[in-house]
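Residue-level listing of the chains:
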Amino acid sequence: MAARQGSLVIVDVDRIKRHGALSVVEGRLLVLLKYIPGLTSAAVANPFLYLIAIGVGVGKLINAHSGGVDGVKYLTFLAPALLSTAAIQNALDEVVFPTLEGFKWNKSFFAINSTPISGRQIANGILIASLVRVTFSVTIYGTIVYLFGGFTSIRGWLAIPTSFAAAAAFGAFIMGIAAWAKNDDSFFMVLGRFVMMPLFLFSGTFYQLSSMPIYLRWIGWLSPLWHTTELGRYLTYGHHISGLMFCVHIGYLVAMFSFGMRFAHRQFEQRLAK
Amino acid sequence: MITDNAVLIAQSRRGRFAESRYSGRAHILLERSLIAFRNSAWLAVLSGFFEPVLYLLSFGYGLGHLIGKIPLQNGHVVSYAMYIAPGLLATSAMNGAIYDSTWNVFFKLKHDRIYQGMLQTSLGPLDVALGEIGWSLLRGFSYAVGFMCVVVPAGLITSWWGILAVPAAVLIAFGFASVGMGITSCFSTFQQMDYINIAMLPMFLFSGSFYPLTVYPGYLQGILKSLPLWQAIAMVRDLTLGIVTWGILWHVLYFVVMASVGVTITTQRLTKLFLR
Amino acid sequence: MANQEVLIEAKQLVKRYGDFTAVNGIDFQVRKGESFGFLGPNGAGKSTTMRIIAATLTRTSGEITILGKDPEKFGPEIKAHLGVVPQTDNLDNALTVEENLYIYGRYFGLSKKFIAPKIDELLDFAQLTEKRSVKVETLSGGMKRRLTIARALVSEPEILMLDEPTTGLDPQARHILWDRLFRLKEQGVTLLITTHYMDEAEQLCDRLMVMDKGSIMAEDSPAGLIKNFSTKEVLEVRFGSDRNADVAPQLKEMCERIEVLPDRILMYADDGEVLLHDLGQKGLHPLTSLVRRSSLEDVFLRLTGRTLVD
C-alpha cells in the first residue's frame with residue numbers, strides 16, 4: 001500500500017480560504033437540482049395563479065368600481081408587489097430549511113466546518129445558493145408578468161434586480177435568526193404566520209400603504225417588501241416617488257443586507273463554536 | 001363494567017361494533033392531543049386564529065375602498081368585508097383541519113411512529129382515525145367561535161342564521177380533516193406531501209373567497225363550484241348573510257360524504273400499515 | 001421456575017411477502033415464566049415472528065395461539081395481554097416522560113386512579129423519577145429504552161416482548177437494562193426477546209431459538225447449544241491476511257474443526273492452551289493468538305457458516 005500523503009499536499013488550504021463558500025454553494029445546488037421539476041412548476045404556477053385570481057379576478061371588481069389603482073389597471077399595480085413577495089419567499093425557503101437542517105437535523109454544518117471552511121463561508125454559501133434560486137424563479141415570474149402586460153415599458157424589467165435586493169437583505173437577516181433559533185419545532189409556522197403573512201398583507205401589496213390607517217402603516221415602513229415594491233412600481237409603471245424616498249428605499253435595503261450579513265456571520269460562528 | 005384489568009376491558013368489547021378495529025376509546029386521543037397542545041402546540045393553533053382576522057383587516061379594509069359593494073344572487077348588495085368574512089371563516093376551518101391532518105399526521109406516522117405505538121395497545125385503527133379527526137373538529141370549532149367574536153361586533157353578520165356558521169365550520173373541518181388524513185396515510189415521502197400544497201393554493205385562490213365566481217365564464221364556474229372549498233364558502237356565506245334555502249342541504253351532504261369517505265380510507269390504510 | 005403451562009404455541013407458521021419468505025414454517029412453544037430468545041442475524045425472521053405474536057401482522061399460513069387465542073380473531077384482547085418494546089422506540093415526543101406512561105395506560109382503557117400510583121412505581125423501576133417532567137426528546141438512548149419498557153408494563157402484561165432491547169446502547173446502559181429485565185423475570189413475567197448479541201442471549205434467556213433465513217436452526221438452552229454444537233474452548237490465531245489461507249490445511253489436522261474468517265482462523269478444541277503449544281512445536285508462529293471459551297457466536301457459525309452481526 002502506498003504511504004499516505006500528508007493532507008496538505010492534496011488539500012489547498014489557501015484556495016479554500018478564498019473560495020470555500022463556493023463549495024457550499026455547489027453542495028446546495030446539487031440538492032436543488034434534484035428538485036428542478038418541482039421548483040420549476042412552482043415558479044411558473046405561482047405567478048399564474050396569483051395574477052389570474054387576484055390580478056384579474058379582484059382586478060375586474062376594482063377596475064369596474066374605481067377604474068384601477070394609482071392611475072393604472074389593478075394587475076399592473078399588483079404585479080411588482082407579487083414579484084417581490086415571490087423573491088423574498090423563495091429566499092426564505094432556501095435559507096431557513098438548510099440552516100435548520102445544517103445546525104440541528106443532520107448537523108451537516110459541523111461536518112463542513114471540520115474542513116478548513118469557516119462558519120462565515122457556510123453562511124455566504126447558503127445565501128448565495130438561495131439567491132441562485134431567487135434569480136431563477138424571479139426571472140420566470142417577471143416573464144409571466146410581462147406576458148400579462150404588467151410592464152408598461154422596458155424599464156419594468158429592472159424590478160427584477162430590486163426584488164432580488166430585497167430577497168438578499170431579508171434572506172441574510174432571517175438566516176441569522178434561523179441560526180440563532182434553539183427551538184425549531186414551530187420555526188416555519190412562526191415565520192410564515194407571524195412574519196411573512198403580516199408583511200404580505202400590510203406592506204401595501206394589494207393597495208397603497210397610504211390607504212391604511214396610520215397605526216398600521218408602520219408594518220410597511222419596516223417591511224423590506226414595501227420598500228422594494230415602491231421601487232418596483234416606480235420602475236414598472238412610473239409610480240411617483242420623490243428622490244429622497246428613492247434613496248430611503250435603496251438605503252433601507254442596503255442597510256438591512258449589511259446588518260443581516262453581519263448578524264448571520266456572528267450567529268453561524270457562535271453556533272459552530274458551541 | 002368497571003375494571004382495571006386491560007384484558008377484561010378488551011374482552012368486554014366482544015361482539016360490539018367493529019370489535020377488532022374500534023375499542024370505543026377515540027376520546028383518549030383527544031386527551032393526548034390536549035396534553036400535547038398544552039405542552040407546545042398552542043402557538044401553532046393560536047396562529048390559525050389570527051390568519052383570517054389579518055386577512056379580514058387587510059382585504060376588508062384596504063380593498064373594500066377600491067371594490068365597493070358586492071351584489072348577491074338575491075339582488076341585495078353587501079360591503080366587501082361582509083362578503084369575504086364567511087369565505088375567510090370557511091378557509092380557516094379548512095386550513096386548520098388540513099394542517100393537523102396532513103403535516104402533523106405525517107410526522108406522527110413516519111417520523112415519531114406514534115400511531116404504531118397506539119396500535120400495539122388494544123386501541124384500534126378506527127379509534128385513531130376518529131380521535132385525530134375529532135381534534136381537528138375541536139380546532140375548527142374554536143376558530144369559528146374566535147372569528148365570530150371578531151366579526152359579530154364588527155357588524156359583518158346580518159342574520160341569526162349566522163350562528164349556524166359555527167357548526168358549519170365544524171362540518172367543514174370534519175370533511176377536510178378526514179380526507180386529509182386519508183390521503184396522508186397513503187403517502188410515504190415528504191415530496192409527496194407537496195402535492196397537498198399544490199392542490200391547496202389554487203383552491204384557496206379560486207373558490208370565491210375574495211370575489212364572486214361570476215367574473216369567470218360559465219364552464220369554469222361549474223368546475224370551481226365542485227371544489228370542496230367553494231362548497232364550504234357557499235354554505236357559510238348563505239348562513240352569515242341570511243340567504244338560506246333548502247339548497248344548503250346539498251352542501252351539507254357534500255361534506256358528510258367527504259367525511260365518511262375520508263374516515264373509511266384512513267381506517268383501512270392504518271390497518272394495512274400496522275396490522276397486517 | 002418455568003412451569004409447564006404453554007402461553008404461546010406456533011405450528012408451521014409461515015409469513016410471505018410476495019416471493020420473499022420471511023418466516024418459513026416454524027414450530028415453537030413458549031412456557032409461562034420463562035425467558036425465551038430469538039437469536040439470529042438481521043433478516044432472519046425474528047421481528048416478523050414477534051409482530052405476528054403481537055397481533056400487528058397477519059400470517060400467511062400455519063397456526064399460532066397466544067393464551068389459547070388466535071391473534072387474528074382476538075387482536076385487541078391479545079394486545080392487552082402483551083407489553084411491546086419495538087426495535088425502534090416509538091415514544092410520544094410531544095409529551096413528557098410521565099405523560100407518556102399516563103396516556104399509554106389510557107390507551108388500554110385503564111382509569112386515572114389506577115394509573116397514577118402505577119406511574120410512580122414504573123418511574124422508580126426505570127430509574128427515571130428525576131426525569132419525570134422532562135420531554136422525552138431530551139432523554140439519552142438508554143433512558144428512552146427504559147421508558148419504553150416501563151411504558152409496556154403499565155397494563156401489567158403477562159408477556160413482555162422486547163425486539164433487540166439493547167441495540168445501539170453503550171455497555172453501561174446495557175447492564176442497567178439487563179438488570180431491570182432480570183428483575184421482571186424474577187417477578188414471573190414471561191419474556192420474549194430477539195437479539196443478535198450473544199452475551200445478551202446468554203445473560204437473559206433460559207431457552208434460545210436460533211433462526212436464519214426464516215427457519216429454526218436449533219433450539220435449546222444457551223449452555224446446551226454450546227455443548228451440542230461447539231467444543232469447550234476456541235483458539236483464535238492470526239497469521240496476517242496474506243498467509244491465513246496457506247496455513248489453514250495444516251491447522252485443520254491439528255484440531256476437531258476450524259473456521260477460516262477473512263481476518264483470523266478459529267480452531268476448536270477442548271484445551272486451547274495445549275493446542276497453542278502444539279502450534280509452536282510445529283514451527284507455526286501466529287502474529288497474535290487468543291484462547292477463549294466457546295460462545296453462541298461459535299454455535300451460530302457452525303450452524304450457518306456465517307457470523308451473526310454482518
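Participant: Explanation requested: the overall build of chain C in the structure shown.
Facilitator: The number of helices and strands found in chain C is 11 helices and 13 strands. Considering only C-alpha atoms, chain C reaches an extent of 75 × 45 × 40 Å along its principal axes. Classification of the 310 residues of chain C by burial places 45% in the buried group. Long-range contacts, defined here as pairs at least 24 residues apart, represent 68% of the contacts in chain C between residues at least 6 apart.

Participant: Teacher, can you tell me more about the overall build of chain A here?
Facilitator: Summing up its helical and strand segments, chain A has 11 helices and zero strands in all. Counted from the first residue to the last, chain A has its helices and strands arranged as α-α-α-α-α-α-α-α-α-α-α. Here the C-alpha radius of gyration of chain A, 21 Å, is about what a compact globule of 274 residues would show, namely 19 Å. For chain A, the C-alpha atoms occupy an extent of roughly 80 × 35 × 35 Å along the three principal directions. Here chain A holds 274 residues, and the buried ones make up 47% of them. For chain A, contacts bridging at least 24 residues in sequence account for 80% of all contacts bridging at least 6.

Participant: Teacher, can you tell me more about the sheet that holds strand S10 (residues 233-238) of chain C here?
Facilitator: Backbone-to-backbone hydrogen bonds pair the strands of a sheet. The strands run either parallel or antiparallel. All names here are of chain C. The antiparallel open sheet is built from four strands, whose spatial order is S11-S12-S10-S13. Every other strand in the sheet has two partners, leaving strand S11 (257-260) and strand S13 (288-293) as the edge strands with one partner each. Along the sheet, successive strands turn relative to each other by an average axial angle of 20 degrees, direction set aside. As defined by bridge partners, S10 adjoins strand S12 (residues 265-269) across five bridges and the pair is classed as antiparallel. Among the inter-strand pairings, Leu 235 is bridged to a residue of S12, identified as Met 267. Running at roughly 170 degrees to S11, helix H9 (residues 244-252) makes contact with S11 and S12 of the sheet. Sheet contacts for helix H10 (residues 272-281): S10, S12 and S13; angle to S10, the most-contacted strand, approximately 35 degrees.

Participant: What is the right way to read the sheet that holds strand S1 (residues 6-17) of chain C from this model?
Facilitator: Residues and elements named next belong to chain C. The strand order across the open sheet formed by three strands is S2-S1-S4, and the pairing between neighbours is antiparallel. Two strands bound the open sheet, and with one partner strand each, they are strand S2 (20-31) and strand S4 (61-66). Put simply, the sheet's adjacent strands are angled 15 degrees from each other on average, direction ignored. Where helix H1 (residues 46-53) meets the sheet, its contacts fall on S1, S2 and S4, and the angle it forms with S1 comes to roughly 120 degrees.

Participant: Which parts of the structure should I look at to understand the packing of helix H5 (residues 141-152) of chain C against helix H6 (residues 171-186) of chain C?
Facilitator: Think of two packed helices as two axes; the pair is described by the angle between the axes and how far apart they sit. Residue and element names in this part refer to chain C. Between H5 and H6, the shortest axis-to-axis distance is 9 Å and the interhelical angle comes to 15 degrees. Overall, the two elements H5 and H6 adopt an arrangement that is roughly parallel. In this structure, H5 meets H6 at a crossing whose hand is right-handed. The residues of H6 that touch H5, namely those facing Gly 141, Gly 142, Arg 145, Arg 146 and Ile 149, are Ala 173, Ile 176, Leu 177 and Arg 180. Its residues placed into classes, the contact of H5 with H6 shows four nonpolar, two polar and three charged.

Participant: Sorry, what's going on with the packing of helix H7 (residues 159-180) of chain A against helix H11 (residues 243-273) of chain A here?
Facilitator: All names here are of chain A. One can describe the packing of H7 onto H11 by two numbers: an axis separation of 7 Å at closest approach and a directional angle of 25 degrees. When the axes of H7 and H11 are compared, the pair comes out roughly parallel. In this structure, the crossing between H7 and H11 has a hand that is left-handed. Here H7 contributes Ala 165, Ala 166, Ala 168, Ala 169, Phe 170, Ala 172, Phe 173, Met 175, Gly 176, Ala 179 and Trp 180 to the contact with H11, which in turn contributes Leu 253, Met 256, Phe 257, Gly 260, Met 261, Phe 263, Ala 264, Gln 267, Phe 268 and Arg 271. Across the contact of H7 with H11, the residue classes tally to 17 nonpolar, three polar and one charged.

Participant: Mind showing me how you'd approach helix H9 (residues 228-240) of chain B here?
Facilitator: Residue and element names in this part refer to chain B. Counted at 1.5 Å a residue, the expected span for H9 with its 13 residues is 18 Å, and the 18 Å between its end C-alpha atoms agrees. Of all 13 residues in H9, 12 are buried; the element is thus mostly enclosed. Within H9, the full set of buried residues consists of Leu 229, Trp 230, Gln 231, Ala 232, Ile 233, Ala 234, Met 235, Val 236, Arg 237, Asp 238, Leu 239 and Thr 240. Contact partners of the buried residues in H9: helix H3 (80-111), helix H6 (165-184), helix H7 (190-206), helix H8 (218-225) and helix H10 (248-274). Phi turns positive one or two residues past the end of H9, at Gly 242, with a value near 70 degrees.

Participant: How should I be thinking about the interface of chain C and chain B in this particular structure?
Facilitator: How big an interface is tends to be stated in terms of the accessible area lost upon association of its parts. The interface is formed by 29 residues belonging to chain C together with 32 residues belonging to chain B. Among the elements of the structure, helix H2 (75-81) and helix H3 (97-107) of chain C are those that each provide at least two residues to the side of chain C that touches chain B. Across the side of chain C that touches chain B, the residue classes tally to 14 nonpolar, 10 polar and five charged.

Participant: How should I be thinking about the interface of chain B and chain A in this particular structure?
Facilitator: Contacts between the two partners involve 24 residues from chain B and, on the opposite side, 26 residues from chain A. The set of elements that each furnish at least two residues to the side of chain B that touches chain A consists of helix H2 (26-67) and H7 of chain B. Taken together, the residues of the side of chain B that touches chain A sort by class into 16 nonpolar, six polar and two charged.

Participant: Would you take a moment to explain the arrangement of the chains for this structure?
Facilitator: The interface with the highest contact count, out of two pairs of chains in contact, is the one between chains B and C. Taking C-alpha atoms only, the smallest gap left between chain A and chain C, which are not in contact, amounts to 10 Å.

Participant: Is there a simple way to think about the pairing of S1(C) in this case?
Facilitator: Remark: a regular strand shows side chains that alternate across the two faces of the sheet. All names here are of chain C. Bridge count between S1 and S2: nine bridges; the pairing is antiparallel. Each residue of the ladder has a partner; that of Leu 13, found in S2, is Ile 26. Taking the residues that link successive antiparallel strands as the turn, the S1-S2 hairpin has two residues, and the phi of Gly 18 there is positive, at about 60 degrees. In this structure, S1 lies alongside S4, joined through five bridges in antiparallel fashion. By the bridge assignment for S4, Glu 9 is matched with Thr 65.

Participant: Is there a simple way to explain unusual backbone geometry in this structure?
Facilitator: Trans is the prevailing form of peptide bonds, just as negative phi is the prevailing case for residues other than glycine. In this model, Arg113(B) sits at a positive phi of 55 degrees, which is unusual for a non-glycine residue. By the element assignment, Arg113(B) lies in the loop between H3 and helix H4 (114-119). One non-glycine residue with positive phi stands out, namely Glu156(C), at about 50 degrees. Within the secondary structure, Glu156(C) sits in the loop between H5 and strand S6 (159-163). Owing to 18 C-beta atoms within 10 Å, Glu156(C) belongs among the partly exposed residues under this scheme.

Quick notes on the rules
Sequence positions are assigned chain by chain, starting from 1 and proceeding in written order. Throughout, the order in which chains and ligands are written sets their labels, letters from A for the former and numbers from 1 for the latter. Residue-level local features of this predicted model are given only where pLDDT is at least 70; pairs of side-chain atoms are given and counted only at 80 or more, and the full residue set underlies all totals for whole chains, interfaces and linings. Elements are defined by DSSP. Helices are runs of H or I of four residues or more, strands are runs of E of two residues or more, and each kind is numbered from the N terminus. The burial criterion counts other C-beta atoms lying within 10 Å of a residue's C-beta, which is placed from the backbone; the residue is buried at 20 or more, exposed at 12 or fewer, and partly exposed between these limits. Working definition of a contact: two residues with C-beta atoms, positioned from the backbone, lying within 7 Å. What the globule rule says is 2.2 Å times the number of residues to the power 0.38, and the radius of gyration is computed from C-alpha atoms. Only strands that DSSP links by at least two bridges are regarded as paired with each other. Fitted lines through C-alpha atoms give the axes, limited to the stretch in contact for helices. The angle between two N-to-C directions lies from 0 to 180 degrees. Roughly parallel covers angles under 35 degrees, roughly antiparallel covers those over 145, roughly perpendicular covers 65 to 115, and oblique covers all other angles. In this scheme the crossing of two helices becomes right-handed for a clockwise turn of the near helix relative to the far one and left-handed for an anticlockwise turn of less than a right angle. Residues are grouped as follows: Ala, Val, Leu, Ile, Met, Phe, Trp, Tyr, Cys and Pro are nonpolar; Asp, Glu, Lys and Arg are charged; all remaining types, including Gly, are polar. Expected span of a helix, by definition, is 1.5 Å for each gap between consecutive residues, and there is one gap fewer than residues.

Limitation: the analysis is restricted to geometry and does not speak to function.
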